[in-house]
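Reading the structure
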Amino acid sequence: MIASATHEFAARGFDSVSTREIAARAGANQALIGYHFGGKEGLYLAVFESMRVQIQSRLDPFIAAIELHLAAPSNASSIRKYRADCLERLLRMLDAMAALFADEASAPWSQLIVREQQNPSLAFDILYEGFMGRVLGALTALVRRIRPDGLDEADAGLLVVTCIGQVFAFRTARAGILRHLGWRTIGPDQLTAIRRRIRSNVTAMLLAKDGP
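Predicted model only: the values in this text are computed from it and were never measured. (Residues numbered from 1 in each chain as written. Predicted model: local features only at pLDDT ≥ 70, side-chain atom pairs only at ≥ 80, totals over all residues. Heavy atoms only, no water.)

Brief notes about the overall build of the chain
- The helix and strand inventory of the chain stands at 10 helices and zero strands.
- Principal axes of the C-alpha set define a box for the chain whose edges measure 65 × 40 × 30 Å.
- Going through the 212 residues of the chain one by one, you find that 41% of them count as buried.
- Put simply, 72% of the contacts in the chain that link residues at least 6 apart link residues at least 24 apart.
- Carbon and sulfur atoms provide 54% of the accessible area of the chain, an area that totals close to 11,400 Å².
- The positive charge centre, built from 25 side chains, and the negative charge centre, built from 21, are 7 Å apart in the chain. (Helix = DSSP H or I, 4+ residues; strand = E, 2+ residues; numbered from the N terminus. Buried < 20%, exposed > 50% of the residue type's maximum accessible area, 1.4 Å probe, protein only. Contact = heavy atoms within 4.5 Å. Areas by Shrake-Rupley, 256 points an atom, 1.4 Å probe, with all protein chains shown as cover. Lys, Arg positive; Asp, Glu negative; His and termini not counted. Charge placed at Lys NZ, Arg CZ, Asp CG, Glu CD.)

A closer look at the packing of aromatic side chains
- Tallying each qualifying case throughout the model produces six aromatic pairs.
- Measuring from ring centre to ring centre gives 5.0 Å for phenylalanine 9 and tyrosine 44, while their planes differ by 90°; the resulting arrangement is edge-to-face. Separated by 35 residues along the polypeptide, phenylalanine 9 in helix 1 (residues 2–12) and tyrosine 44 in helix 4 (residues 40–71) bring together distant segments of the chain. Of the two residues, phenylalanine 9 and tyrosine 44, neither departs from the other in class, the shared state being buried.
- Ring centres 5.9 Å apart and planes at 35° place the aromatic pair phenylalanine 124 and tyrosine 128 in the tilted group. In this pair, phenylalanine 124 and tyrosine 128 both sit in helix 7 (residues 122–146), four residues apart, roughly one turn of the helix.
- Judged by relative accessible area, which is 17%, phenylalanine 124 ranks as buried.
- Taken together through their ring pairs, the aromatic side chains of Phe9, Phe14, Tyr44 and Phe48 make up a single cluster.
- Here the guanidinium or amino end of lysine 40 rests over the ring plane of phenylalanine 14, the centre of that ring lying 4.5 Å away. (Phe/Tyr/Trp six-rings, centres within 6.5 Å; stacked < 30°, edge-to-face > 60°. Lys NZ or Arg CZ within 6 Å of the ring centre and 35° of its normal.)

With respect to the packing of helix 1 against helix 6 (residues 107–118)
- Orientation of helix 1 relative to helix 6, taken along the N-to-C sense of each, is 50°, at an axis distance of 8 Å. If you check the angle between helix 1 and helix 6, you find them oblique. The chirality of how helix 1 crosses helix 6 is left-handed. Across from Thr6, His7, Phe9, Ala10, Ala11 and Arg12 in helix 1, the residues of helix 6 making contact are Pro108, Trp109, Gln111, Leu112 and Arg115.
- In the contact of helix 1 with helix 6, the residues fall into six nonpolar, three polar and two charged. (Axes fitted to C-alpha atoms, helices over the stretch in contact; angles between N-to-C directions. Parallel < 35°, antiparallel > 145°, perpendicular 65-115°, else oblique. Left-handed = near helix turned anticlockwise from the far one by under 90°. Nonpolar A, V, L, I, M, F, W, Y, C, P; charged D, E, K, R; others polar.)

Printed below as a string of structure tokens:
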């Protein structure tokens, strides 16, 4: 039922989908939606909880490694080495996110996330409190350690969302990107190229001093 609801809500939005149609796609009795989820809204929230669990399972090891690194005292022999270590941890997180959003399984998730970004509901809170806020906070803290010019919280946060936007574009703007690059899909070779380009872009952004 969750899988069917995910695809229906992603394709058509909450208001345009009926519980009857979701149940039909799942090959289940419509009454089960009320029994298990309390109705359509409860099922919608359950879809986002399922998404949160799956996305978090993919990203958790990288978030946890960053948080441990931030909490521990620096053992680096030089500030340059410490900043390089912070940068590599950030890049590994972006690598993981690129793999997640390049995966075809993430297509309905991305559609739902975009809908919630434009018109947030209680479902958005599940995503933000579940993993999104944690990722943004950890990466912002890393950026403040990487940048030698001592960015404040707001500027570091803007840099982080700019970095993440490069990753998310390969899902939200997928059709245009594939056509522009002459790719039929995003397979292992394409993912390697994407990661390499994002790493290069982000490294240049984070190590460059902002203009006046």
